[in-house]
Amino acid sequence: MKKLTLAALVIGAFSASAQAQSNVTIYGLVDAGLVKESGGVAGSVTKVTSGIGGQSRLGFRGVEDLGNGLSAVFALESGIKVDDGALDNSTSTLFNRQAYVGLKSKELGSFTLGRQYTMLYNAMSQVADPFGAGYAGSIKNLFATAGANTRVSNAMVYASPVVNGFSGELLYALGEQAGDSTAGRQIGFGLNYAQGPLNARLVYNNRNQDTAAVGTTPAKKQDEAKNTLLAVNYDFTVVKAFFAYATDKGLNSSPIPVANAFGYKTAPKPSTDARNILIGVSVPAGPGNVLASYTSKDDKTVNNQDATQWALGYIYPLSKRTSTYVAYAKIKNKNGAGYTVGNNNEAGTGDKAFNVGIRHSF
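Calculation criteria
- Every chain's residues receive numbers from 1 upward, in the order its sequence appears when written.
- The predicted nature of this model means local features are confined to residues of pLDDT at least 70 and side-chain atom pairs, given and counted, to a pLDDT of 80 or more, with totals for whole chains, interfaces and linings taken over all residues.
- The side-chain figures draw on all heavy atoms in the structure; neither hydrogens nor water molecules are used.
- Put simply, DSSP H or I for four residues or longer makes a helix, DSSP E for two residues or longer makes a strand, and each gets a number counted from the N terminus.
- Here the globule rule is a power law, 2.2 Å times the number of residues to the power 0.38, and the radius of gyration is based on C-alpha atoms.
- Burial classes: relative accessible area under 20% of the type maximum marks a residue as buried, over 50% as exposed, and values in between as partly exposed (1.4 Å probe, protein chains only).
- Note on contacts: a residue pair qualifies if any of its non-hydrogen atoms lie within 4.5 Å across the two residues.
- The salt bridge definition used is simple: a Lys or Arg side-chain nitrogen within 4 Å of an Asp or Glu carboxyl oxygen.
- Each residue gets a pLDDT score, which is the predictor's confidence in that residue and runs from 0 to 100.
- Joining through side-chain atoms within 4.5 Å is the link that ties buried Ala, Val, Leu, Ile, Met, Phe, Trp, Tyr and Cys residues into a set, and such a set is a nonpolar core.
- When DSSP finds two or more bridges between two strands, those strands count as paired.

## A short note on the overall build of the protein chain
Working step 1: From N to C terminus, the protein chain includes three helices and 17 strands.
Working step 2: Relative to the 2.2 N^0.38 estimate, which gives 21 Å for 362 residues, the radius of gyration of the protein chain is 22 Å and therefore close to what a compact globule would have.
Working step 3: Counting all 362 residues of the protein chain, 43% fall into the buried class.
Working step 4: Sequence-distant contacts, at least 24 apart, represent 59% of the contacts inside the protein chain between residues at least 6 apart.

## Side note on the environment of Ala136
Working step 1: Inspection of the secondary structure puts Ala136 in the loop between helix H2 (119-128) and strand E7 (151-159).
Working step 2: Taking the relative accessible area as the measure of exposure, Ala136 reaches 0% and is therefore buried.
Working step 3: If we ignore the near neighbours within four places in the chain, the residues touching Ala136 are Asn141, Gln309, Ala327, Tyr328, Ala329, Val341, Gly342, Ala353 and Asn355.

## As for the pattern of salt bridges
Working step 1: Taken as a whole and judged by the stated rule, the model has eight salt bridges.
Working step 2: Where Glu37 meets Lys47, a salt bridge forms, and the shortest distance between an N and an O atom there is 3.6 Å. Separated by ten residues along the polypeptide, Glu37 in strand E1 (residues 22-40) and Lys47 in strand E2 (residues 43-50) bring together distant segments of the chain.
Working step 3: Classification of Glu37 by relative accessible area gives buried; the value is 1%.
Working step 4: Salt-bridge contacts for Glu77 lead to Arg97; the nearest nitrogen and oxygen are separated by 2.6 Å. Here Arg97 lies in the loop between strand E4 (70-79) and strand E5 (98-105) and Glu77 lies in strand E4, a separation of 20 residues in the sequence. As far as burial versus exposure is concerned, Glu77 and Arg97 are alike and both buried.

## Remarks on the confidence of the model for the protein chain
Working step 1: For the protein chain, per-residue confidence averages 91 on the pLDDT scale, and residues scoring 70 or more make up 91% of the total.
Working step 2: The low-confidence segment residues 1-20, where pLDDT is below 50, has zero contacts with residues more than four positions distant or belonging to other chains.

## What about H2?
Working step 1: Burial runs high along H2: nine of the ten residues are buried.
Working step 2: Within the sequence span of H2, burial applies to Met119, Leu120, Tyr121, Asn122, Ala123, Met124, Ser125, Val127 and Ala128.

## So, the nonpolar core
Working step 1: Among the nonpolar cores identified, the biggest contains 23 residues, and Ile139, Phe143, Leu171 and Leu229 are the most heavily contacted of them.
Working step 2: Only H2, E7, strand E8 (166-173), strand E11 (225-235) and strand E12 (240-254) provide two or more residues apiece to this core.
Working step 3: By residue number, the principal contributor to this core is H2, which donates seven residues.
Working step 4: Residues contacting Leu229, with those up to four places away along its chain left out, are Leu120, Ala123, Met124, Phe143, Arg201, Leu202, Val203, Ala244, Tyr245 and Ala246.
Working step 5: Listed in part, the 19 residues of the second largest apolar core include Leu291, Ala307, Ile315 and Tyr339.

## Side note on the pairing of strand E14 (residues 288-299)
Working step 1: Here twelve bridges tie strand E13 (residues 271-285) to E14, and the two strands are oriented antiparallel to one another. Each residue of the ladder has a partner; that of Ser282, found in E14, is Leu291.
Working step 2: Between E13 and E14, which pair antiparallel one after the other, the connecting turn spans two residues, and Gly286 there sits at a positive phi close to 65°.
Working step 3: Here nine bridges tie E14 to strand E15 (residues 307-317), and the two strands are oriented antiparallel to one another. Its bridge partner being in E15, Ala292 is matched across the sheet by Leu312.

The structure is reproduced here in structure tokens:
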């Protein structure tokens, strides 16, 4: 009996050790609600949609302890539409949100390869915006976070360890176009500070838009998209204040999510030189938080197609993992600008939108 008991203890200890050294987590977010949009050429649009506050997703995250403070890490994450169960992308890419593998050291930082978020988007969603880049008040409605500014494939990312609140990040994504090593490449870097109530990030993103065919003829090379962002928030306890300032320069540095949502005779022209500002707050109110923000885009080109947005929302937690929400935002376009009020997953159809829904994380 003693031998059996000893064997059971040894097996149990080995199993616990193996579990501690290698761990895979299944996680996700299920977010759906009712959206009502108006003001665009499509008229009044009411729909049940997915990913209003944050895109619904299913992911696998893993870490293996390699010893001496070194770990292997990976993530595979797929976007899902809760309203119809489909993948949230037109190409049917399974792990369209994230797909990377790498190494992480307590002393040296981490290095990962694959499809990953840009520092630009992380700063907007994690630091700059009280709405977290979601709901009707999303910073994405006026700031440049479309397409490759959100995630990029074929990326190598280094993140330094945190020292006295400071850390840094560097991204290099290969364009992988034959005959031209710079065509399609993307570079990003960020300097971060998080200590006590203060959280700040300064980030830069540079996207080369040449194709191999264009790149072989210097006269036809396209302008690079260059985005710089300063994002800050400070928690005063009674209120959390948010601020962001960004500059967008170059072709596709400030895209319009919907080509001509308002049916203008002359379609809006994306700015190639813009300044963006966001001022926002998150105020504790009862068990939840009231969110508010004011966002502006100042188009410095001759078109002068400026836009401003104000937004208001409330997040009500039902538990640590489940919450309900309501949000409203309105955009004022000037001089033929064509920006729309969307949410985390959709660009929107008009200049006004109302959301109400529920989200659950696991």
